[in-house]
Amino acid sequence: MISRQLLLTYLYLLVYIVLSSGVILYNKWVLSPKYFNFPLPITLTMIHMGFSGLVAFLLIRVFKVVSPVKMTFEIYVTCVVPISAFFASSLWFGNTAYLFISVAFIQMLKALMPVATFLMAVVCVGTVYQVTGIFAEALRLVLTQVLLQKKGLTLNPITSLYYIAPCSFVFLFVPWYLLEKPEMEVSQIQFNLWIFFSNALCALALNFSIFLVIGRTGAVTIRVAGVLKDWILIALSTVIFPESTITKLNIIGYAIALCGVVMYNYLKAKDARSSQTSAESITERAAKDLKTEKRSSDLYVPSEDSNYSIVGKNGRSGSHLDVIVDEEAPLIPSSKGLSSRTKPT
């Protein structure tokens, strides 16, 4: 029977897959010139980070739903700042890729990230953005796992966004000011409050689910769950966005990549089980050796409530035998101990 903790972990993964797929399709629809036509990915990402940071601030400082943690300057500089930088870079480059390539092709790039991707990067601008975003996302996930699990901090999704979202907003401000602010001044951009509010709300829920999954499992697990999400996105994108055509060659290539991911995780789990078994055998062998050593070093000493009463030369009776141990043979009583007995009067 599946335990409650394992069932809860699967639930978190399912929520992450649904929210991640929804946010990706929503962002593609907002950014695409063929649909909502808001071709400003940095601005959209800054809206997400600003909204997430504001909600986290209200929940912690105003409504006091959770308490802030004692964040040291060292942890903030070594963990929060790099995570925020990679988080901002991942969202920036990942969202920018939607302006140039389809959702289905982006998901295939996430699975086919080796040398072939780099060869394609020289001829496709969108691929360059997506590959850069993939590397930033991988580094961000690993650093987030370090922050949540290995630094001794009890961070929940709300406190994580409370520290990371504002810092990511600051990192995004520089490229926004240089690249998109001049474009916003000369072009007429439509702004629908309800669309951006719902989009930011979905991104906030996705950020919460990411920190929940990483805190409960790890960065590798969330990347493996992303493989299933990619299949869902490929299927949905071809229905929602008709321009996202998929050939048989694309499907075969992605299936090969998926088999590689499954084989990698199977071998990794097998190695983990074998290492755990060897560690347990070493522990058992050490316990047996310790028990044997303890038995061999035991020295018999008669009990205090012995029925024998030994009388010394001075006429006093002893409660037990006085055994003198020879230093050269500590397990063999010396003859001096036995000769110290006196005959009964």
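Above this text is the structure in question.
Residues numbered from 1 in each chain as written. Predicted model: local features only at pLDDT ≥ 70, side-chain atom pairs only at ≥ 80, totals over all residues. Heavy atoms only, no water.

This brings us to the overall build of the protein chain. A tally of helices and strands in the protein chain yields 11 helices and two strands. Along the protein chain, helices and strands appear, N-terminal first, in the series α-α-α-α-α-α-α-α-α-α-β-β-α. If you take every contact in the protein chain between residues at least 6 apart in sequence, the share linking residues at least 24 apart comes to 79%. Per element, the accessible surface of the protein chain, about 21000 Å² overall, is 67% carbon and sulfur. (Helix = DSSP H or I, 4+ residues; strand = E, 2+ residues; numbered from the N terminus. Contact = heavy atoms within 4.5 Å. Areas by Shrake-Rupley, 256 points an atom, 1.4 Å probe, with all protein chains shown as cover.)

In this section: the side chain of Asn27. Examined against the element boundaries, Asn27 turns out to sit in helix 1 (residues 4–31). Residue Asn27 is classed as buried on the basis of its relative accessible area of 4%. Within the local environment of Asn27, its side chain forms a polar contact with the side chain of Asn199, the two groups lying 3.0 Å apart. Look past the residues within four positions of Asn27 in its chain and what remains in contact with it is Leu44, His48, Asn95, Tyr98 and Asn199. (Buried < 20%, exposed > 50% of the residue type's maximum accessible area, 1.4 Å probe, protein only. Polar contact = N/O pair within 3.5 Å; in protein donor to acceptor, adjacent residues only side chain to side chain.)

Bringing helix 8 (residues 193–216) into the picture now. Helix length check: helix 8, at 24 residues, gives a terminal C-alpha distance of 35 Å against a target of 34 Å (1.5 Å per residue), a fit within 8%. Its side-chain oxygen placed 3.1 Å from the backbone nitrogen of Trp194, Asn192 serves as the N-cap of helix 8. (Expected span 1.5 Å × (residues − 1).)

Turning to the packing of aromatic side chains, a few remarks are in order. This model, assessed by the stated rule, comprises 12 aromatic pairs. Judged by centre distance (5.6 Å) and plane angle (90 degrees), the rings of Phe51 and Phe197 are edge-to-face. Here Phe197 lies in helix 8 and Phe51 lies in helix 2 (residues 41–62), a separation of 146 residues in the sequence. You can call Phe197 partly exposed: its relative accessible area is 38%. Aromatic pair Tyr162 and Tyr163: ring centres 5.0 Å apart, planes at 80 degrees, arrangement edge-to-face. One exposure class covers both Tyr162 and Tyr163, and it is buried. A connected cluster of aromatic rings, assembled from ring pairs, spans Tyr26, Trp29, Phe36, Phe38, Phe191 and Phe196. (Phe/Tyr/Trp six-rings, centres within 6.5 Å; stacked < 30°, edge-to-face > 60°.)

Fair warning: the whole summary comes from geometry, so function is off the table for now.
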